[in-house]
Amino acid sequence: MSVIDGAPANAWALSEPSARRSLILCGIGALFGLAIAGLGLFTAHGTRTSGVAAENVATVNQVPILMSDFIQQLRAVDDVSLAEATRPQKQKVLADMIREELYVQRGIELGMQADTIEVRAALTGSVEAQSASDATMAQPSEAELRSWYDSHSNDFADEGRLALADYVLPATSTPARIAAARNALIAARGNEAIEGRASTRSSLMTQGEEFYFAARIHLGDRLFAAARAMKPGAVSVPIILPDGIHLIVVRSNVQPVPPPFEKVRDRVLSALVAAQTKLLTAANERFLHKRADIQVARGFE
């Protein structure tokens, strides 16, 4: 029997396949570990901690939003303490603080430094101004301006004007009493002395003609909507409200008329740029939120 270095040759032949298998298995294990690590690197959404510390209300990319700052902001915005604040108030304030932190971090990415409150405010404003700048630089064509005007022409119309008399009957009035009062108002043909004998006039509008915005305030949304759609001299159908049954007699109704495009072109351009800025700002915020690692303390979601 042959001997290699003092060991039998068949013993070496038996051990060689076992060593090769061990090396292969070690290699497979190493590759598997590297694959898991690589998958984690490419799919991780930031580096998450086990939770939000008690002194913080949230973290944005591991930068804490302090509970003390949150409470101070609640007091400044809504004049309430943490215990008094409602859930919507907390959510609104926290959303604004997260938004500010995202903008500050974006500003730092652009090469600015943030170490004071004043600088942080400037960073936030600078990032917001980027959206406005992008919208301003993208000058719309005349066709785009006209299209915007056509779909928003009422926004540029002059304020309408309305004059009316509002008569109110008791809520307990019978249908016959209501019908008689309405017929009397129709027959009066705008004569206030005769109208006064039919029913009692309310004090909602007694100052003659008013702009639409003022008439809406005085009448309320429901009465204003009915009056706005009526022609001069018309009497409304009975409108039942908590304070009684209203009958409106319209004296005059000057509907708002959109001016020609050429007259308000500059206003149309400003409005379109403002709308585009709003869209770009919202898209920018969605992008910053999507890529950020934001954690919120329990109870403040």
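Placed above this text is the structure.
Here the structure is a predicted model, which is why all the values come from computation and not from measurement. (Residues numbered from 1 in each chain as written. Predicted model: local features only at pLDDT ≥ 70, side-chain atom pairs only at ≥ 80, totals over all residues. Heavy atoms only, no water.)

*Asks:* Explain the side chain of Asp166 to me, and be specific about the residues and the numbers.
*Replies:* Mapped onto the fold, Asp166 is located in strand E5 (residues 161-169). Within the structure, the side chain of Asp166 is placed 2.5 Å from the side chain of Ser202, a separation counted as a polar contact. Side chain to side chain, Asp166 and His246 meet in a polar contact 3.0 Å long. Not counting chain neighbours up to four residues away, the residues in contact with Asp166 comprise Thr200, Arg201, Ser202, Leu204, His246, Leu247 and Ile248. (Helix = DSSP H or I, 4+ residues; strand = E, 2+ residues; numbered from the N terminus. Polar contact = N/O pair within 3.5 Å; in protein donor to acceptor, adjacent residues only side chain to side chain. Contact = heavy atoms within 4.5 Å.)

*Asks:* Hey, could you go over the sheet that holds strand E3 (residues 56-60) for me, with residue numbers and the actual values?
*Replies:* The three strands are arranged E4-E3-E10 in an open sheet whose pairing can be described as antiparallel. Because the sheet does not close on itself, it has two edges, and the strands there are strand E4 (63-66) and strand E10 (294-296). In this sheet, neighbouring strand axes are inclined to one another by 20° on average, regardless of whether the strands run parallel or antiparallel. Pairing geometry for E3 and E10, over three bridges, is antiparallel. By the bridge assignment for E10, Thr59 is matched with Gln295. Running over the sheet, helix H2 (residues 67-78) touches E3 and E4 and is turned about 45° from E4. Taken strand by strand, helix H3 (residues 87-109) contacts E3, E4 and E10, and its axis lies near 35° from that of E3. (Pairing = 2+ DSSP bridges. Axes fitted to C-alpha atoms, helices over the stretch in contact; angles between N-to-C directions.)

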